[in-house]
Amino acid sequence: MKFFLDTANIDQIKEANDFGVIDGVTTNPSLMAKEGVQGEQAFKDHYVEICNIVDGDISAEVVATDFEGMIKEGVELAGLHPNIVVKVPCIREGIKAIKHLSAQNIRTNCTLIFSPGQALLAAKAGATYVSPFLGRLDDISTDSIFLVQQIVDIYKEYNYPTQVIAASIRHTMHIVQCLEVGAHVATCPLDAILGLLKHPLTDIGLEKFLEDHRKLNA
Ligand code: E4P
């Protein structure tokens, strides 16, 4: 399973990239706003900066909601760097836009996926990725991991090449659950990834090794 970092924060992207296990980055308009990125040129510069840090797929989201606008933005975003994947919302115009962009060999990530039917439409339109949102489903008492499993199974059954990015990950256990159901990618905050490292027996064991070493080498 690949790890994408789910942030537009340059320091965190650098830190995660240095850690060495990051395969890409996902952003969205809210994450860009959180970093104070304002204006068309600043958005483009920010995406290019991320592409220059991480050698992997970088999702950049369109903000138009009409077909023509999404195509225009999608073509512009894809032209910024070969690693850009155009993120498009799962609405009627978005599905049309994904079909059009994929016919031009522009890679897409269909976002705001909350049902297997939406994932099916995105795959039929040729989306490179779909992003089911786990945390937001859990927030309304819905089994988000079951949705990831359904989409993975449907794509396998019908041989769709679309890959599943488990998004809206809130904690480390989400990552483990995504692994168990075969998600292709999990896009996560850095803290959730670092949580995978934690085990008290590792800390206790290391402390004992170092103590024994110190005793004989003091
Ligand atoms: C990433 O592709 C999504 O936009 C992101 O994971 C959404 O996360 P949130 O539900 O925590 O805002």
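This text goes with the structure placed above it.
Residues numbered from 1 in each chain as written. Predicted model: local features only at pLDDT ≥ 70, side-chain atom pairs only at ≥ 80, totals over all residues. Heavy atoms only, no water.

Colleague: Help me out: how do you make sense of the pattern of salt bridges in this one?
Modeller: Where charged atoms from two side chains of opposite charge approach closely, those side chains can pair. Enumeration according to the criterion identifies 11 salt bridges in this entry. Across the salt bridge formed by Glu 76 and Lys 44, the nearest N and O atoms sit 3.5 Å from each other. Taken together, the residues Glu 76 in helix H4 (residues 67-78) and Lys 44 in helix H3 (residues 40-53) connect sequence positions 32 residues apart. With a shortest N-O distance of 2.9 Å, Arg 107 and Asp 57 are connected by a salt bridge. With Arg 107 in the loop between helix H5 (92-103) and strand E5 (108-113) and Asp 57 in strand E3 (residues 57-61), this residue pair connects regions lying 50 residues apart in the sequence. The exposure class of Asp 57 is buried, given its relative accessible area of 15%. (Salt bridge = Lys/Arg side-chain N within 4 Å of Asp/Glu carboxyl O. Helix = DSSP H or I, 4+ residues; strand = E, 2+ residues; numbered from the N terminus. Buried < 20%, exposed > 50% of the residue type's maximum accessible area, 1.4 Å probe, protein only.)

Colleague: Even after reading the chapter, I still don't get the environment of His 199, so can you show me in this structure?
Modeller: Checked against the element boundaries, His 199 lands in the loop between helix H10 (190-194) and helix H11 (200-217). On the accessibility criterion, His 199 (40% relative accessible area) is partly exposed. Polar side-chain contacts of His 199 include one of 3.1 Å to the backbone nitrogen of Leu 201. (Polar contact = N/O pair within 3.5 Å; in protein donor to acceptor, adjacent residues only side chain to side chain.)

Purely geometric stuff here, so don't read any function into it on its own.
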